[in-house]
Amino acid sequence: LIGKKVFITSHRGEQLKDHDGRLLLTSAEKGWEMWTLTEAADGKFYITSHRQKQLKDHEGEALLTDNKQERKRWTLADAGDGKVFISSHRNHQLMDSEGEGRLTDDKR
């Protein structure tokens, strides 16, 4: 997966999308829904959108930004059944909140 373009698919079967800086989920599987994972350090990753923006946890809010810093690093943890939890440096998980990309501290 490292260095390759991937879809980040939610529990509802929708793909995370960088929609001009907004994190949305959609049923489409096109370029706007593609993300690249690159190694950061200590088993963490940067998650980069098709616009070369980095996913980040900004005080509990999922946002996109231009640069790569520690708070833009994510971990992937096995959630079973071929799925993973995507967790920020604050241990918040990326989630699908009724069509918007958000963060939660609840691993359900």
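Residues numbered from 1 in each chain as written. Predicted model: local features only at pLDDT ≥ 70, side-chain atom pairs only at ≥ 80, totals over all residues. Heavy atoms only, no water.

### Observations regarding unusual backbone geometry
Here comes step 1: Unusually for a residue other than glycine, Glu 59 sits at a positive phi of about 55°.
Here comes step 2: Within the fold, Glu 59 resides in the loop between β6 (54-58) and β7 (61-65).
Here comes step 3: The exposure class assigned to Glu 59 is exposed, which follows from its relative accessible area of 69%.
Here comes step 4: Although it is not a glycine, Glu 98 sits at a positive phi angle of roughly 50°.
Here comes step 5: Its place among the elements puts Glu 98 in the loop between β10 (93-97) and β11 (100-104).
Here comes step 6: On the basis of relative accessibility, which here comes to 79%, the residue Glu 98 falls in the exposed class. (Helix = DSSP H or I, 4+ residues; strand = E, 2+ residues; numbered from the N terminus. Buried < 20%, exposed > 50% of the residue type's maximum accessible area, 1.4 Å probe, protein only.)

### Some details on the side chain of Ser 88
Here comes step 1: Mapped onto the elements, Ser 88 comes out in the loop between β9 (83-87) and β10.
Here comes step 2: What Ser 88 contacts, discounting residues up to four positions off in sequence, is Asp 57, Arg 73 and Trp 74. (Contact = heavy atoms within 4.5 Å.)

### A few points about the pairing of strand β3 (residues 22-26)
Here comes step 1: The buried fraction of β3 amounts to four of the five residues, a majority that puts the element mostly inside the structure.
Here comes step 2: Bridge count between strand β2 (residues 15-19) and β3: five bridges; the pairing is antiparallel. Following the sheet pairing, Asp 18 is matched in β3 by Leu 23.
Here comes step 3: Where β2 folds back on β3, the antiparallel hairpin that results is connected by two residues, among which Asp 20 adopts a positive phi of roughly 50°. (Pairing = 2+ DSSP bridges.)

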